[in-house]
Amino acid sequence: MTEETPMGLEANREALYALMLEAEREKALAMLLDHARRHGFQSAVSEVLEPVLERAGEAWLRENLSLAQGYVAGKIAEDLLVAAAEIGGDLKLDVKGPVVIGNVEDDYHSLGRKMVAVFLRAAGWKVIDLGNDVAPSQFVDAAVEHGARVIGASAMMLTTAENVRHLRTEIDARGMGGRVQLAVGGAVFKLRPDLMQEVGGDGTASSAIQAPELFERLWAQSLEAEGA
Ligand code: B12
């Protein structure tokens, strides 16, 4: 496998970012696959895709990225994961975790949660996605069954965000607080920053692009809590 020069890598990242902004999904995938053919999928993800997603995440925080562009970024990451799974190769999938995610009880806003799953998987996390309308006991049962240290609960509305309290209660009632960390997110948490603490979350992120960083932090907190 030939070495990529730093200049070549930088040019690839610039090109991918531009394709992302222009919603050129097929061209972006072709570019990443070309890189993967020459340098491996691991390099395509860690040296090209991830830095571009980080840049997109920063742009998102500064509100320089639209929802549509964020969505395209997620789709490009998903396309690469699908291609890597089909073609095989050196990509290290499912090397972190597992983690459990789902929309809380009565919440059917699946789009945000699906994007969170894609970005976590692209960062190497094994994700158990329980879907919509997940009861507190289902979340915790799945965490126990799979040995997950982080549960990610998505809630889009104020009414359904209130259901996160029941999930907090369930985790604590089973004596799993600290070992199982509770990540929360969704539109309403962006509108009301205090809500995360009010409903008993351990952390939140305002977009799927920031979710891998949050899950890393919460996973480390879980290990610390267990060691303490
Ligand atoms: C699309 C949509 C729907 C679709 C959902 C389709 C689907 N399959 O997802 C449909 C039509 C089904 C729907 C239904 C309803 N909706 Co609606 N919906 C929306 C809308 C327009 C966009 C939501 C969305 O998909 N955003 C795009 C995604 C990518 O962004 P996101 O959800 O914020 O997720 C990102 C982050 O928040 C974060 N994130 C998300 N989850 C998590 C989890 C973790 C752990 C982390 C770390 C991060 C994270 O990452 C994501 C990606 O970056 C919003 C308006 C808005 N501006 O949000 C209203 C909105 C959420 N809906 C609303 C309402 C009221 C309803 C209904 C009650 C309408 C009705 N009368 O029937 C129903 C309720 C359904 C239910 N019980 O869940 C209200 C909620 C009001 C409130 N604040 O309480 C909103 C805000 C609209 C409004 N202004 O009134 N809705």
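A brief structural summary. Just so you know, these numbers come straight off a predicted model, no measurement behind them.

### So, the side chain of R113
So, step 1. Locating R113 in the fold gives a position in helix α5 (residues 110–122).
So, step 2. At a separation of 2.6 Å, a polar atom in the side chain of R113 contacts the side chain of N103.
So, step 3. A polar side-chain atom of R113 sits 3.5 Å from the main-chain carbonyl oxygen of G131.
So, step 4. Those residues in contact with R113 that lie beyond four places of it in its chain are I101, G102, N103, D129, G131, N132 and S154.

### Regarding the sheet that holds strand β2 (residues 125–129)
So, step 1. With parallel pairing, 5 strands are arranged side by side in an open sheet as β2-β1-β3-β4-β5. On the outer flanks of this sheet lie β2 and β5 (203–204), each paired with one strand and no other.
So, step 2. Of the pairings in the sheet, the one linking strand β4 (residues 181–185) to β5 comprises 2 bridges and is parallel in character. Each bridged residue has a counterpart across the sheet, and for V184 the counterpart in β5 is T204.
So, step 3. Against the sheet, helix α11 (residues 211–227) engages β1 (96–103), β2, β3 (150–154), β4 and β5, with an angle of about 160° to β4.

### With respect to the coordination of the cobalt atom of the ligand
So, step 1. There is one protein donor for the cobalt atom of the ligand, and it is H109 (NE2), at 2.2 Å.
So, step 2. Following the sequence through the fold, H109 ends up in the loop between β1 and α5.

### Comments concerning unusual backbone geometry
So, step 1. Put simply, G97 and P98 share a cis peptide bond, and its omega is 10°.
So, step 2. Despite not being glycine, A23 has its phi angle at roughly 60°, a positive value.
So, step 3. Looking at where A23 falls in the secondary structure, it is placed in the loop between α1 (6–21) and α2 (25–39).
So, step 4. Although it is not a glycine, E63 sits at a positive phi angle of roughly 60°.
So, step 5. Positionally, E63 belongs in the loop between α3 (41–61) and α4 (67–87).

Quick notes on the rules
Residues numbered from 1 in each chain as written. Predicted model: local features only at pLDDT ≥ 70, side-chain atom pairs only at ≥ 80, totals over all residues. Heavy atoms only, no water. Helix = DSSP H or I, 4+ residues; strand = E, 2+ residues; numbered from the N terminus. Polar contact = N/O pair within 3.5 Å; in protein donor to acceptor, adjacent residues only side chain to side chain. Contact = heavy atoms within 4.5 Å. Pairing = 2+ DSSP bridges. Axes fitted to C-alpha atoms, helices over the stretch in contact; angles between N-to-C directions. Donors = N, O, S within 2.8 Å, 3.2 Å for Na, K, Ca; no water.

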